[in-house]
Amino acid sequence: MALIEHQDLSNFNTLAIQAEARFYWAIQSFEDLQAALDWYRSENANMPLLVLGGGSNVILSDHFPGLVLHMQNQGITLLEELSDSETVYLDVDAGENWHELVCHCCEQGWYGLENLALIPGAAGAAPIQNIGAYGVELCDVMDSLECLEIDSGKHYRLSAEQCQFAYRDSIFKQAGEPRRIISRIRLRLRRGAQVNTRYPGLQQSLQDLGVHPEQANPKDILQAVCNLRRVKLPDPAELPNVGSFFKNPIVSEAHYQQLKAEYADLVAYPHGDDYKLAAGWLIDQAGWKGHREEQVAVHERQALVLVNYNKGSAKEVLMLAKKIQDDIWQRYHVALEIEPRHILASGELAQD
Ligand SMILES: Cc1cc2nc3c(=O)[nH]c(=O)nc-3n(C[C@H](O)[C@H](O)[C@H](O)COP(=O)(O)OP(=O)(O)OC[C@H]3O[C@@H](n4cnc5c(N)ncnc54)[C@H](O)[C@@H]3O)c2cc1C
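Residues numbered from 1 in each chain as written. Predicted model: local features only at pLDDT ≥ 70, side-chain atom pairs only at ≥ 80, totals over all residues. Heavy atoms only, no water.

A. Seen up close, the sheet that holds strand 2 (residues 20-27). Within the open sheet, the 4 strands sit side by side as 1-2-5-3. Their pairing is mixed. The open sheet is flanked by strand 1 (3-8) and strand 3 (49-52), the only strands paired with a single partner. Strand-to-strand twist of the sheet, defined as the mean angle between neighbouring strand axes without regard to direction, takes the value 35°. Two elements, strand 3 and strand 5 (residues 63-71), share 4 bridges in a ladder whose sense is parallel. Bridging from a neighbouring strand, V51 pairs with L69 of strand 5. The strands touched by helix 1 (residues 30-44) within the sheet are strand 1, strand 2, strand 3 and strand 5, with strand 2 carrying the most contacts at an inclination of about 145°. (Pairing = 2+ DSSP bridges. Helix = DSSP H or I, 4+ residues; strand = E, 2+ residues; numbered from the N terminus. Axes fitted to C-alpha atoms, helices over the stretch in contact; angles between N-to-C directions. Contact = heavy atoms within 4.5 Å.)

Encoded structure:
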């Protein structure tokens, strides 16, 4: 039994919120997960429960009165019976570090994850918001996953289609769905190199490496993505943050045209029939870059990232976020949605 009482979580969330959990269980195997859930149901199944991976996409409450399950189960299995000369299927346990997985696959010659390099966190959390970067999303390489329902204990597989992936979204974020823990994900990768260099900044980063984008191989992409990210984003180990704090808002074509007429250099991309606006551009234009309030601030180089200089609380971070949201609404009539999951003391997710 690995139950710990009164566990400090400040090192387990990249925003460095000084949170504490009443109960904490480090999950190193599927058996641990079942044992922890048995304990949870026998103790009090109404107690708040939080599943934690790398803590890089959560805003924790200062005190969490329930049970935290910290996913640390590891294992990467090549599925020979499903794989062939072109395609590789892999089962990856939820606690595997995402970036280490990306590097491992690239070294093995299993391609498709390179554009998603250096995203912090664990593999089991990747489906929650369908992680994406530099023109690739998890759903492009995801086959299916295994999950366990917290309340019923049912253990089953969901196909990528059943996960209902969309931009920074999946079935796991939808209200009314059963509470599920992802224990393992199954990826479908390629043995042959087929690179995606469509993202303009990536092409420049490849050129900076002396590589022509049309001749880039997956290892070049991985290197170029890492270089880009290190320049653009603060390292949470040095300056606590959760990456992009707001989603890029999606607006109708009419709304986009209206904004474009007013702001000629507006940054936006077609998104189906709509347009996806660069939230960082809106926040930067509104003058928030570098703005600091007590211990929390908008990063000085990247307006989309809020940083925690010295033990700022969740409340401080959210107050700054609210001011930014209100200002962006007043200026552009655009609603900014918070990207990380805001975990209330009740264990529920806040609808920010
Ligand atoms: C510097 C930085 C850069 C980032 N860049 C990107 C980026 O480019 N693209 C992008 O998409 N994201 C990005 N992120 C956000 C974040 O890294 C990803 O969302 C990542 O997948 C979160 O993983 P995690 O293990 O840290 O999740 P956590 O923060 O631990 O959890 C996030 C949510 O998932 C739930 N969860 C975690 N594990 C499981 C599980 N096994 N089963 C069920 N639920 C689970 C948690 O309860 C919580 O609701 C960035 C973050 C940082 C700090």
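B. Representation of the site of the ligand within the structure. The ligand sits among 34 residues. The nearest are V51, G53, G54, S56 and R229. Here an oxygen atom of the ligand sits 2.8 Å away from a polar atom, N or O, in the main chain of A122. Contact distances for the ligand include 2.8 Å between a nitrogen atom and a backbone N or O atom of I182. Computed on the free molecule, the ligand has an accessible area of 980 Å², of which 94% lies beneath the protein chains in the complex. (Near = heavy atom within 4 Å. Polar contact = N/O pair within 3.5 Å; in protein donor to acceptor, adjacent residues only side chain to side chain. Areas by Shrake-Rupley, 256 points an atom, 1.4 Å probe, with all protein chains shown as cover.)

C. Fine view of helix 7 (residues 314-332). Counted at 1.5 Å a residue, the expected span for helix 7 with its 19 residues is 27 Å, and the 27 Å between its end C-alpha atoms agrees. Here helix 7 has its buried residues at A314, V317, L318, L320, A321, I324, Q325, D327, I328 and Y332. The positive-phi residue at the C-terminal boundary of helix 7 is H333, with phi of around 55°. (Expected span 1.5 Å × (residues − 1). Buried < 20%, exposed > 50% of the residue type's maximum accessible area, 1.4 Å probe, protein only.)

D. Region of interest: the sheet that holds strand 15 (residues 268-271). Spatially, 3 strands are ordered 14-16-15 in an open sheet, and the strand pairing comes out antiparallel. Where the open sheet ends on each side, the last strands, each with one partner, are strand 14 (250-251) and strand 15. Strand direction decides the pairing type here: strand 15 and strand 16 (residues 274-277), joined by 4 bridges, are antiparallel. In the sheet register, H271 faces strand 16, and the bridge partner there is D274.

E. Structural detail: the UniProt feature "active site" (unreviewed entry) in the protein. What UniProt calls "active site" (unreviewed entry) maps, in this numbering, to R168, S244 and E339. Spatially, the listed residues are clustered: although they cover 172 residues, their C-alpha atoms lie within 11.3 Å of one another. On the secondary structure map, R168 appears in the loop between strand 11 (155-159) and strand 12 (180-190). Beyond its immediate chain neighbours, meaning those up to four positions away, R168 contacts Q129, N130, I131, G132, E137, K173, K247 and E339. Since its relative accessible area comes to 24%, S244 is described here as partly exposed. (UniProt positions renumbered as here; feature names shortened; annotations may be inferred.)

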